[in-house]
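Structure at a glance
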Amino acid sequence: MRTAVAISAVTGVPVRVFNIRAKRKNPGLRPQHLTAIRALAEITGGRLEGARVGSREITFYPGRIRGGRFYFDVGTAGSISLILQALLPALAFAEGPVELRLRGGTDVKMAPLIDYMIEVLLRLLAKFGYIVHVNVVRRGHYPRGGGIVEVRIPHPPRKLEPVNLVERGRLLGVSGRSHAVRLPRHVAERQARAAARIIRERLGVDPRIELEYYEPERDPHLGPGSGIVVWAIFENSIMGGDALGEKGKRAEVVGEEAARKLVEDIETGASVDRYASDMLPVYMALADGTSEYRGAMLTSHAKTVFALLKLFFPNLELEVRGEQGRPFYARIKGLGLSR
């Protein structure tokens, strides 16, 4: 739904989405989904039907993608990263500079952690000529939320360049960020040590993982919560892995989980990790030229995005080679859309 509404905003073509989350225990729209589509409706001056919690069908009639300053509050710990997934493709074609202030969850389950979006996705988007600045003012974890993220897009490109991410090139280094808020400092330290050990053993590289923690009297976050993101910088690409702390989950397990995701994806020989593999196709389809990449894993999310692109653009030249759950190759001849 997020991808469909984003493409609708870019193309100006109304869209109806139905059977939303139909097989979930709590089917229909949740607050973070609502925030994303309402945000696109406000930014475009568009119109929404069926936009309420629990709704299984929405219709979106987009307008023009405006620049300006906007504030959106999920009202829960709903993922800010997933809201950005819906907003960023459309905002590339905004008529002027954009500033967003988003309130919700920065680091929550079933979504990329905000540091992944900053250190991996935004660096990949820069290769399309799309520069986005994201600043975490305050982290928000489940169940309290309350995280605040500021987004600046000073010069929307209005036209995306194609990218070639088939060959990732030489590994230049591995970095990371391990955070713990409203928790003891050793939580961040143990996450980082465990991740570093796996990376040294499997990649033969000594990573640079920064620690983010606060003295109790100076901690601005609501918390408690922790997480870690590690990313590998190659000559031609960036790949990442993340993991979230949970009650009863040892810090060492969190660090190992993030590092193993990264290492496993690198060991496939791919140039794009399992998360970015389903985020990049939308930008490739909109770009002015042919893009291609090797993804670490063909997930069900990625397959859905490819199917959705063909639904919106029946004549789109799209080639995908590989099986679900395995490394794959994708090539997309972009439509060269512009504002």
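Every chain's residues receive numbers from 1 upward, in the order its sequence appears when written. Reporting in this predicted model follows two pLDDT cut-offs: at least 70 for local features of residues, and 80 or more for side-chain atom pairs to be given and counted; totals over whole chains, interfaces and linings ignore these cut-offs and use all residues. The side-chain values count all of the structure's non-hydrogen atoms but skip hydrogen atoms and water molecules.

Both the distance between ring centres and the angle between the ring planes are used here to describe each pair of aromatic rings. Centres within 6.5 Å are what make two rings of Phe, Tyr or Trp a pair, Trp counting through its six-membered ring; a difference in plane orientation under 30 degrees is then read as stacked, over 60 as edge-to-face, and the rest as tilted. Taken as a whole and assessed by the stated rule, the structure comprises seven aromatic pairs. Ring geometry for Phe306 and Phe328: centres 6.2 Å apart, planes at 80°, overall edge-to-face. Of this pair, Phe306 sits in helix α8 (residues 300-312) while Phe328 sits in strand β15 (residues 328-333), and the two are 22 residues apart along the sequence. In this structure, Phe306 and Phe328 share a single accessibility class: buried. Ring geometry for Phe312 against Phe313: centres 6.1 Å apart, planes inclined by 45°, an arrangement best described as tilted. Type-normalised accessible area, obtained with a 1.4 Å probe on protein chains alone, sets the label of each residue: buried when under 20%, exposed when over 50%, and partly exposed for intermediate values. Residue classification places Phe313 among the buried residues on the basis of a relative accessible area of 12%. An aromatic cluster of three or more residues is present, and its members are Phe128, Tyr130 and Tyr283. Two thresholds decide whether a charge sits over a ring: the Lys NZ or Arg CZ must be within 6 Å of the ring centre and within 35 degrees of the ring normal. Just above the ring of Tyr61 sits the side chain of Arg47; from NZ or CZ to the centre is 4.1 Å. Each helix corresponds to a stretch of at least 4 residues labelled H or I by DSSP, and each strand to a stretch of at least 2 residues labelled E; elements are numbered beginning at the N terminus.

Another aspect to go through is the side chain of Ser55. By the secondary structure assignment, Ser55 is in the loop between β2 (47-49) and β3 (57-61). Filtering out sequence-adjacent residues up to four positions away, Ser55 remains in contact with Ile20, Gly28, Leu29 and Gly50. Note on contacts: a residue pair is in contact if any heavy atoms of the two residues lie within 4.5 Å.

Here the bond from Tyr142 into Pro143 is cis, since omega is 5°, no more than 30 degrees from zero. Backbone geometry at Arg21 places phi at a positive 50°, although glycine is not the residue there. Among the structural elements, Arg21 can be located in the loop between β1 (15-18) and α2 (31-44). Positive phi outside glycine occurs at Arg158, with the angle close to 65°.

By nonpolar core we mean a set of buried residues, namely Ala, Val, Leu, Ile, Met, Phe, Trp, Tyr and Cys, connected to one another through side-chain atoms within 4.5 Å. One finds Leu100, Tyr130 and Leu280 to be the most contacted residues of the largest nonpolar core, which totals 83 residues. For this core, the element with the most residues is helix α4 (residues 114-126), which contributes nine residues. For Tyr130, the contacting residues outside a window of four places in its chain are Leu88, Leu91, Ala92, Leu125, Ile153, Pro157, Leu160 and Tyr283. One finds Val174, Ala259, Leu262 and Val263 within the second-largest nonpolar core, a separate group that totals 20 residues.

Once that is clear, we can look at the pattern of salt bridges. A pairing counts as a salt bridge when a side-chain nitrogen of Lys or Arg comes within 4 Å of a carboxyl oxygen of Asp or Glu. Evaluated as defined, the whole model comprises 32 salt bridges. Between Glu212 and Arg139 there is a salt bridge whose closest N-O contact spans 2.7 Å. Here Glu212 is found in strand β10 (residues 208-212), whereas its partner Arg139 is found in the loop between β6 (133-138) and β7 (147-153), with 73 residues between them in sequence. Taken individually, Glu212 and Arg139 each receive the classification buried, so the pair is uniform in this respect. For the salt bridge of Asp206 with Arg200, the shortest nitrogen-to-oxygen distance reads 3.1 Å. Classification of Arg200 as partly exposed rests on a relative accessible area of 41%.

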